[in-house]
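Spelled out from the first residue to the last, the chains are:
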Amino acid sequence: MVSSRSVDPAELRAAVQAVSAWLSGDGPQPARPELAAAVRLSLRTLASDVPGRSVEVRVPPFAAVQCVEGPRHTRGTPPNVVETDPRTWLELATGRLTWADAIEAGRVTASGTRADLSHWLPILKI
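Residues numbered from 1 in each chain as written. Predicted model: local features only at pLDDT ≥ 70, side-chain atom pairs only at ≥ 80, totals over all residues. Heavy atoms only, no water.

Visitor: Pulling in residues and values, what's your account of the packing of aromatic side chains?
Guide: By the definition in use, this model includes 0 aromatic pairs. Positioned above the aromatic ring of tryptophan 22, the side-chain terminus of arginine 87 is 4.4 Å from the ring centre. (Phe/Tyr/Trp six-rings, centres within 6.5 Å; stacked < 30°, edge-to-face > 60°. Lys NZ or Arg CZ within 6 Å of the ring centre and 35° of its normal.)

Here is the structure:
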């Protein structure tokens with residue numbers, strides 16, 4: 001899992017800006033390290049903004065964090081899981097895609113009563 005230590009907002013903005021053209025459909029897919037940085041920093045920001053351990057947010061192959069207050073999960077598959085691909089996560093994190101649209105299109109899987117992240121998205125607007 002990714003560390004929940006706080007993220008420098010300028011570092012987050014720079015990382016997401018580096019992949020912004022790709023997210024908008026105006027550029028090539030970013031290099032793996034750039035994509036990983038944007039995903040990891042945005043997930044760490046979510047975990048910092050919404051502390052807790054009741055929901056696990058997974059963006060394979062780069063990172064997973066636990067967030068949202070509630071019952072703590074320690075073993076096995078958590079009861080509240082959100083999983084998506086890096087592009088979808090970054091579109092959600094930047095407000096290019098709404099939670100409802102992502103769920104409806106099947107781009108996000110969310111299980112459990114606490115797995116709705118719409119209240120905390122987007123993380124930043126670019």
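Visitor: Got a sec to walk through the pairing of strand β3 (residues 81-84)? Specific residues and values, please.
Guide: Bridging between strand β1 (residues 55-59) and β3 involves 3 bridges; their strand directions are parallel. Across the sheet, residue arginine 58 finds its bridge partner in β3, namely glutamate 83. Of the strand pairs in this sheet, β3 and strand β4 (residues 108-111) are connected by 4 bridges, and their pairing is antiparallel. For threonine 84, the partnering residue across the bridge sits in β4 and is valine 108. (Pairing = 2+ DSSP bridges. Helix = DSSP H or I, 4+ residues; strand = E, 2+ residues; numbered from the N terminus.)

Visitor: Can you lay out helix α1 (residues 9-24) for me, pointing to particular residues and giving the numbers?
Guide: Note that an α-helix has 3.6 residues per turn; residues three or four places apart therefore point the same way. Taking 1.5 Å of rise per residue, the 16 residues of α1 would be expected to cover 22 Å, and the 21 Å separating its terminal C-alpha atoms lies within 8% of that figure. Of all the bends in α1, the greatest, near 40°, is centred on alanine 18. Along α1, the residues classified as buried are Leu12, Ala15, Val16, Val19, Ser20, Trp22 and Leu23. Looking at the buried side of α1, the elements it contacts are α2 (32-49) and α3 (86-93). The opening residue of α1 is aspartate 8, an N-cap whose side-chain oxygen sits 3.0 Å from the backbone nitrogen of alanine 10. Positive backbone phi, at 85°, marks glycine 25, one or two positions downstream of α1. (Expected span 1.5 Å × (residues − 1). Bend = angle between axes of the 7 residues up to and from the residue. Buried < 20%, exposed > 50% of the residue type's maximum accessible area, 1.4 Å probe, protein only. Contact = heavy atoms within 4.5 Å. Polar contact = N/O pair within 3.5 Å; in protein donor to acceptor, adjacent residues only side chain to side chain.)

Visitor: Just give me the short version of the environment of aspartate 26, but keep the residues and values in it.
Guide: Secondary-structure assignment places aspartate 26 in the loop between α1 and α2. Overall, the relative accessible area of 66% leaves aspartate 26 in the exposed class. Note: C-alpha distance between aspartate 26 and alanine 36 (10 residues apart in sequence) is 19 Å.

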